[in-house]
Amino acid sequence: MKFKKGEIEGVIIKELIKHADERGFLVETFRIDNLPDHIKPKMSYISYTKPGIARGPHEHINQTDLFCFMGPGTFKVQLWDNRKGSPNFGNSSTVEGGKDNPITVLVPPGVVHGYINISKNEMGMVLNFPDQLYRGLGKKELVDEIRHEDKEDDFYLDFIKEGK
């Protein structure tokens with residue numbers, strides 16, 4: 001499928017504010033009073049990604065991700081609206097986030113998402129606060145995702161090519 005550049009309903013990108021002093025800095029990555037009412041994070045995790053390496057793309061059936069890109073490292077984030085009933089079906093969006101542009105990205109179910117560390121030499125850190133537990137309570141359920149890494153889709157090939 002060919003995607004076109006455009007906004008994607010339900011995706012929220014928010015700049016983060018670093019409160020710095022002589023000790024370092026503090027960033028509020030999310031506050032429940034700044035999220036849509038139906039979004040309630042259930043867990044968190046941190047991942048580090050080596051320069052030039054991509055994660056995703058994949059989409060979730062039920063899960064909403066709340067990613068935080070604040071450094072170290074810088075990421076190119078690619079989003080594709082794959083929700084057949086969405087007014088933005090077929091749209092794609094790209095944003096860079098990380099050390100020089102700290103952001104959060106809220107990704108609703110059905111929006112394909114992937115990111116690549118575009119830093120030259122720096123590992124990139126990503127925080128995520130999804131609203132579903134990975135594999136459910138006690139990790140006894142199926143993983144809630146549809147993976148696109150192995151597909152020869154135009155959007156994945158473009159994602160990898162553009163990120164390098």
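Residues numbered from 1 in each chain as written. Predicted model: local features only at pLDDT ≥ 70, side-chain atom pairs only at ≥ 80, totals over all residues. Heavy atoms only, no water.

A. Local environment of the pairing of strand β8 (residues 74-81). Taking burial as the measure, the 8 residues of β8 include 8 buried ones, the bulk of the element. In the sheet, β8 pairs with strand β9 (residues 91-98) via 7 bridges, with the strands oriented antiparallel. Bridging from a neighbouring strand, K76 pairs with E96 of β9. Of the strand pairs in this sheet, β8 and strand β11 (residues 111-117) are connected by 7 bridges, and their pairing is antiparallel. Bridge pairing in β11 places W80 opposite V112. (Buried < 20%, exposed > 50% of the residue type's maximum accessible area, 1.4 Å probe, protein only. Helix = DSSP H or I, 4+ residues; strand = E, 2+ residues; numbered from the N terminus. Pairing = 2+ DSSP bridges.)

B. Local environment of the environment of N128. The topology assignment puts N128 in strand β12 (residues 124-128). As a C-alpha pair, N128 and Y45 span 83 residues in sequence and 5.5 Å in three-dimensional space. Setting aside residues up to four positions removed in sequence, N128 forms contacts with M43, S44, Y45, D65, L66 and F67. At 2.9 Å, the side chain of N128 and the side chain of D65 are in polar contact. (Contact = heavy atoms within 4.5 Å. Polar contact = N/O pair within 3.5 Å; in protein donor to acceptor, adjacent residues only side chain to side chain.)

C. Just the sheet that holds β11, in detail. Within the open sheet, the 6 strands sit side by side as β1-β9-β8-β11-β6-β13. Their pairing is mixed. Bordering the open sheet on either side are β1 (4-5) and β13 (146-147), each of which pairs with just one other strand. Here 2 bridges tie β1 to β9, and the two strands are oriented parallel to one another. Across the sheet, the residue bridging to K5 is S92, located in β9.

D. Structural view of unusual backbone geometry. Cis geometry is adopted by the peptide bond preceding P57, which originates at G56 and carries an omega value of 10 degrees. Take P57: it is sitting in strand β6 (residues 54-59). Cis peptide bonds are those with omega within 30 degrees of zero, and the linkage from G71 to P72 qualifies with 0 degrees. Here P72 shows up in the loop between β7 (65-69) and β8. Backbone geometry places R135, a non-glycine residue, at a positive phi of 60 degrees. Residue placement: R135 occurs in the loop between β12 and β13. For K139, which is not glycine, the phi dihedral falls at a positive 55 degrees. Structurally, the position occupied by K139 is in the loop between β12 and β13. A relative accessible area of 53% means that K139 is categorised as exposed.

E. The pattern of salt bridges, seen in detail. One pass over the structure, following the stated rule, counts 7 salt bridges. The partner of R31 in a salt bridge is E28, and the shortest N-O contact between them spans 3.8 Å. On the basis of relative accessible area, R31 is assigned to the partly exposed category, the value being 36%. On the basis of relative accessibility, which here comes to 45%, the residue E28 falls in the partly exposed class. Close ionic contact of R31 with D33 constitutes a salt bridge, the shortest N to O distance being 2.8 Å. (Salt bridge = Lys/Arg side-chain N within 4 Å of Asp/Glu carboxyl O.)

Such coordinate-based values are descriptive only and should not be taken to indicate function.
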